[in-house]
Amino acid sequence: FVLMAFDEWWAEDLPAFDDEGKLNWSVVFFQFAFVVILNWTILQVVVAVLLDNFTAGTQQQDLAEALIRQKRNRTVTHPLDPILHSIYSSYDTDVDLQHRIKTIFQKLDSDAQGTLTYNKMREGFRRLAVTPAVHLSHDDYDLIMEQAALGEDVHELTEEQFQ
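Residues numbered from 1 in each chain as written. Predicted model: local features only at pLDDT ≥ 70, side-chain atom pairs only at ≥ 80, totals over all residues. Heavy atoms only, no water.

1. Remarks on the overall build of the protein chain
Right, on to step 1. Assigned secondary structure in the protein chain consists of 7 helices and 2 strands.
Right, on to step 2. Going residue by residue from the N terminus, the α and β elements of the protein chain occur as α-α-α-α-β-α-α-β-α.
Right, on to step 3. Within the protein chain, residue pairs in contact and separated by at least 24 positions form 44% of the contacts whose partners lie at least 6 positions apart.
Right, on to step 4. Put simply, the protein chain shows about 12200 Å² of open surface, and 58% of that area lies on carbon and sulfur atoms. (Helix = DSSP H or I, 4+ residues; strand = E, 2+ residues; numbered from the N terminus. Contact = heavy atoms within 4.5 Å. Areas by Shrake-Rupley, 256 points an atom, 1.4 Å probe, with all protein chains shown as cover.)

2. A short note on the nonpolar core
Right, on to step 1. Membership of the largest hydrophobic core comes to 20 residues, with the highest contact counts inside it found for Ile-83, Met-121, Phe-125 and Leu-136.
Right, on to step 2. Counting only elements with at least two residues in this core, the list comes to α3 (81-88), α4 (94-108), α5 (118-127) and α6 (138-147).
Right, on to step 3. The leading source of residues in this core is α4, at 5 residues.
Right, on to step 4. When near neighbours in sequence (up to four residues on either side) are disregarded, Ile-83 contacts Ile-104, Phe-125, Leu-128, Val-130 and Val-134. (Core = buried A, V, L, I, M, F, W, Y, C linked by side-chain atoms within 4.5 Å. Buried < 20%, exposed > 50% of the residue type's maximum accessible area, 1.4 Å probe, protein only.)

3. Thoughts on a nonpolar patch on the surface
Right, on to step 1. Where nonpolar side chains cluster on the molecular surface, the patch consists of Trp-40, Leu-43, Val-47 and Leu-51 and spans about 410 Å² of accessible area.
Right, on to step 2. Structurally, the position occupied by Leu-43 is in helix α2 (residues 25-72). (Patch = residues over 30% accessible without salt bridge, like charges linked within 9 Å, V, L, I, M, F, W, Y side chains within 5 Å. Salt bridge = Lys/Arg side-chain N within 4 Å of Asp/Glu carboxyl O.)

4. Things to note about the pattern of salt bridges
Right, on to step 1. Under the counting rule described, the total for this entry stands at 4 salt bridges.
Right, on to step 2. A salt bridge links Asp-111 to Lys-120; its shortest N-O distance comes to 2.6 Å.
Right, on to step 3. On the basis of relative accessibility, which here comes to 38%, the residue Asp-111 falls in the partly exposed class.
Right, on to step 4. Among the residues examined, Lys-120 registers a relative accessible area of 10% and is labelled buried.

5. What to know about α4
Right, on to step 1. Taking 1.5 Å of rise per residue, the 15 residues of α4 would be expected to cover 21 Å, and the 21 Å separating its terminal C-alpha atoms lies within 8% of that figure.
Right, on to step 2. Among the residues making up α4, those that are buried are Asp-96, Leu-97, Ile-101, Ile-104, Phe-105 and Leu-108. (Expected span 1.5 Å × (residues − 1).)

6. Comments concerning the packing of aromatic side chains
Right, on to step 1. For the structure on display, the rule yields 1 aromatic pair.
Right, on to step 2. An angle of 25° between the planes, with centres 5.9 Å apart, marks the rings of Phe-30 and Phe-34 as stacked. Here Phe-34 and Phe-30 lie together in helix α2, a separation of 4 residues that amounts to about one turn.
Right, on to step 3. A relative accessible area of 42% places Phe-30 in the partly exposed class. (Phe/Tyr/Trp six-rings, centres within 6.5 Å; stacked < 30°, edge-to-face > 60°.)

7. Description of unusual backbone geometry
Right, on to step 1. One non-glycine residue, Ala-112, adopts positive backbone phi at about 55°.
Right, on to step 2. For Ala-112, the location among the structural elements is in the loop between α4 and β1 (115-116).
Right, on to step 3. Residue classification places Ala-112 among the exposed residues on the basis of a relative accessible area of 65%.

8. Observations concerning the confidence of the model for the protein chain
Right, on to step 1. Taken residue by residue, the protein chain gives an average pLDDT of 77. The fraction at 70 or more is 80%.
Right, on to step 2. Per-element confidence in the protein chain is highest for α2, whose mean pLDDT is 86, and lowest for helix α1 (residues 9-13), whose mean pLDDT is 58. (pLDDT = per-residue confidence, 0-100.)

9. Focus: the side chain of Thr-115
Right, on to step 1. Note on placement: Thr-115 falls in strand β1.
Right, on to step 2. Ignoring anything within four residues of it in the chain, the contact list for Thr-115 reads Phe-105, Asp-109, Lys-120, Glu-156, Leu-157 and Thr-158.

10. Some thoughts on the packing of α3 against α4
Right, on to step 1. Across the interface, α3 lies against α4 with an axial gap of 10 Å and an inter-helix angle of 145°. The chirality of how α3 crosses α4 is right-handed. Contact residues: α3 offers Ile-83, Ser-86, Ile-87 and Tyr-88, while α4 offers Leu-97, Arg-100, Ile-101 and Ile-104. (Axes fitted to C-alpha atoms, helices over the stretch in contact; angles between N-to-C directions. Left-handed = near helix turned anticlockwise from the far one by under 90°.)

In structure tokens form, the structure reads like this:
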């Protein structure tokens with residue numbers, strides 16, 4: 001360490017000149033090699049530590065950004081979650097809520113017959129501009145019908161049943 005700090009211990013213990021005043025090349029080579037090798041090694045260690053800290057910081061930032069994206073694009077647990085969220089997040093009164101539900105029913109009921117079938121709902125959900133998009137599978141439709149407690153024989157929803 002003292003040699004690396006360029007202290008003068010080596011002048012006494014490892015003199016570069018012998019008693020006759022001649023240059024002692026082996027001592028000079030040793031001191032030079034020692035300084036160069038130690039500096040090179042320390043440089044490598046410092047660079048490795050800096051790179052490790054940089055990559056760890058980058059990974060933490062990537063994780064934080066992924067969490068933000070995940071919250072923004074929250075996971076849909078039910079096929080109607082995006083639509084329900086858009087309705088419930090901004091209604092004022094119960095009348096306003098019923099009006100919004102009725103409007104969605106009318107958008108889904110493309111032929112204006114007053115009923116919704118699986119095909120009408122699936123195509124209607126594709127046309128709605130909600131994020132994330134609603135992709136209604138047949139199993140999802142069956143689940144909706146089951147939750148509406150309409151029975152297994154019912155394959156259409158009226159506006160009253162939709163509400």
